[in-house]
Amino acid sequence: MPLSKADAVLQPPLTPSEEPLPAHRFTSSGPLTGRLRVPGDKSISHRAIMFGALAVGETRVTGLLEGEDVMATAAAMRAMGAQILRRAPDERGIAEWSVHGVGVGGLLQPAQALDMGNSGTSTRLLMGILASHGVTASFTGDASLSGRPMRRVIEPLSKMGASFEASLGGTLPLMMRGALPAVPIEYRLPVASAQVKSAVLLAGLNTPGITTVIEPVPTRDHTERMLRGFGAELEVEEIDGERVIRIHGEADLKPQQVEVPGDPSSAAFFIVAALITEGSDLVIENVGLNPTRAGVIEVLRQMGGSIEELDRREVGGEPVADLRVKHSALKGIEVDPAIAPSMIDEFPVLFVAAAMAEGTTSTSGLDELRVKESDRLSAMAEALTSIGVRVVEHDDGLDIIGSGGAPLRGSANEPVTTHLDHRIAMSMAVAGLASKDGVEVDDTAPIQTSFPNFTDLLEEAGSAR
Ligand code: S3P
């Protein structure tokens, strides 16, 4: 179906903006109150576009996160033959995305390198999908993504028959050739990574036979839930405490109506902001509470945070609730490393909560944080130290000595460095709310990757300047 002119003008830009936004100083202006809604879940949004592009017919998506990472996925799927467009918002203000898929195995060879911007999820999941397509593709990304490890997907996908030429160190830019047919494998995950799990399962979609992933430590399960929803044959069994996931290959995906719930990882910034700002009483609506994502709520409650779930319900096959968060006196705790996979993206902002708690918060088992959009252990240790927080950095975690609720100093002369990492930028913005001098963040542009209206919402909730 060709795009009409009217549809075409509705397309938001699909390439990350090259214009860095100016540095921004975040300061406190009082309690966070009222109600707000964070954008759609990033993980689910990527998958809605990818699986829609692999189904035959039209998938419709509401609540899609319109951030740069998801737009990079949409641009790549378009470059390989899917038709993706955004319809104008309806009378309730809800925009719908329409994805006309090409069918499993039907993606076309892209004419140009696929620019993945800052997005590890786009890169690793697409490498998985293409591993069982007979196409050659090149992947490029920004400086942050070009430093992130890809061997973790290259290794299992090579076993399935795909071939790769990566940069030294197993990083982007890389070129790959998919295998047709690919070979099914049984793969035990050496790292707790939903991206690696998903890459293998997605390669299995167009592979004859059954592809099996064994997951010793459970990670987010959106791929499994959503592939089932799209009609794939996929079984999950618990054997000796491990999850065994089998996908039946040469699957047919059927188009779906997907409603994307609010992103708990984005909500986490507002949860912590309300917990540490005196007088706050904030409701965050429609937050996804999949148990493989909700660890941060449990840990913040252990620290004494008042987080109440209102109106628990299901949205798009995921548990969802409105969260009422009130300012709370937090206490430092030792965070159980076993909970890390269910809050892997929330540690930067948890460190900010810890900086305001009474006593010490200790974390361990967080080696994976060193290979995210930045080395989040060193980036947060450096940023928090620079605003006056006492931090001890270990190989696999941070110990944070909290202020007991007293305001943090803030950044005097030098802004904090975000290292092209959206979650460092937003975490330090939240720290700014609890500081005397405010916190200046050197580059807020990376926030566009996952939470384009973050600063506006913060202002609306009453705290940012
Ligand atoms: C994601 C999985 C996580 C997470 C990332 C999104 C996903 O990465 O950090 O932001 O959508 O599958 P790992 O699975 O590599 O830990």
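Residues numbered from 1 in each chain as written. Predicted model: local features only at pLDDT ≥ 70, side-chain atom pairs only at ≥ 80, totals over all residues. Heavy atoms only, no water.

Under an unreviewed UniProt entry, the name given to the protein chain is 3-phosphoshikimate 1-carboxyvinyltransferase, and the source organism is Altererythrobacter xiamenensis. UniProt, in its Subcellular location (unreviewed entry) section for the protein chain, records the words "Cytoplasm". One UniProt comment on the protein chain, placed under Subunit (unreviewed entry), says "Monomer." (UniProt positions renumbered as here; feature names shortened; annotations may be inferred.)

Chemist: Can you walk me through helix H11 (residues 376-386) in this structure?
Modeler: At 3.6 residues per turn, the α-helix brings residues three or four places apart onto the same side. Turning to H11, its buried residues are Arg 376, Leu 377, Ala 379, Met 380, Ala 381, Ala 383 and Leu 384. Those residues of H11 hidden inside the fold are in contact with helix H10 (347-355), strand E19 (390-394), strand E20 (397-401) and helix H12 (422-433). For H11, the N-terminal capping position is held by Asp 375, with its side-chain oxygen 3.2 Å away from the main-chain nitrogen of Leu 377. (Buried < 20%, exposed > 50% of the residue type's maximum accessible area, 1.4 Å probe, protein only. Helix = DSSP H or I, 4+ residues; strand = E, 2+ residues; numbered from the N terminus. Contact = heavy atoms within 4.5 Å. Polar contact = N/O pair within 3.5 Å; in protein donor to acceptor, adjacent residues only side chain to side chain.)

Chemist: Sorry if this is basic, but what is going on with the UniProt feature "domain: Enolpyruvate transferase" (unreviewed entry) in the protein chain here?
Modeler: The residues that UniProt annotates with the feature "domain: Enolpyruvate transferase" (unreviewed entry) are residues 29-457. End C-alpha atoms of residues 29-457 are separated by 14 Å, and the span's content is 29% helix alongside 26% strand.

Chemist: Explanation requested: the site of the ligand in the structure shown.
Modeler: Surrounding the ligand, one finds Ser 43, Arg 47, Thr 121, Ser 193, Ala 194, Gln 195, Arg 220, Ile 344, Asp 345 and Lys 372. The contact in question runs from an oxygen atom of the ligand to an N or O atom on the side chain of Asp 345, over 2.7 Å. One of the side-chain N or O atoms of Lys 372 is found 2.7 Å from an oxygen atom in the ligand. For the ligand, whose free accessible area comes to 390 Å², the fraction covered by protein is 96%. Residues belonging to the shell around the ligand are distributed by class as follows: two nonpolar, four polar and four charged. (Near = heavy atom within 4 Å. Areas by Shrake-Rupley, 256 points an atom, 1.4 Å probe, with all protein chains shown as cover. Nonpolar A, V, L, I, M, F, W, Y, C, P; charged D, E, K, R; others polar.)

Chemist: Teacher, can you tell me more about helix H2 (residues 42-54) here?
Modeler: If you check H2, its first and last C-alpha atoms are 19 Å apart, about what 13 residues at 1.5 Å a residue would give, namely 18 Å. Taking burial as the measure, the 13 residues of H2 include 13 buried ones, the bulk of the element. Between a side-chain oxygen at the N-terminus of H2 and the backbone nitrogen of Ser 43 the separation is 3.0 Å; the capping residue is Asp 41. (Expected span 1.5 Å × (residues − 1).)

Chemist: What's the story with the nonpolar core in this structure? I'm lost.
Modeler: As a rule of thumb, nonpolar side chains are buried together in soluble globular proteins. Residues Phe 270 and Met 428 are the most contacted members of the largest nonpolar core, which totals 76 residues. Considering each element in turn, this core owes the most residues, 10 residues, to helix H8 (residues 264-276). Those residues in contact with Met 428 that lie beyond four places of it in its chain are Met 380, Ala 383, Leu 384, Ile 387, Val 416, Val 439 and Val 441. Residues Ile 185, Leu 189, Val 196 and Val 258 belong to the second largest nonpolar core, which totals 67 residues. (Core = buried A, V, L, I, M, F, W, Y, C linked by side-chain atoms within 4.5 Å.)

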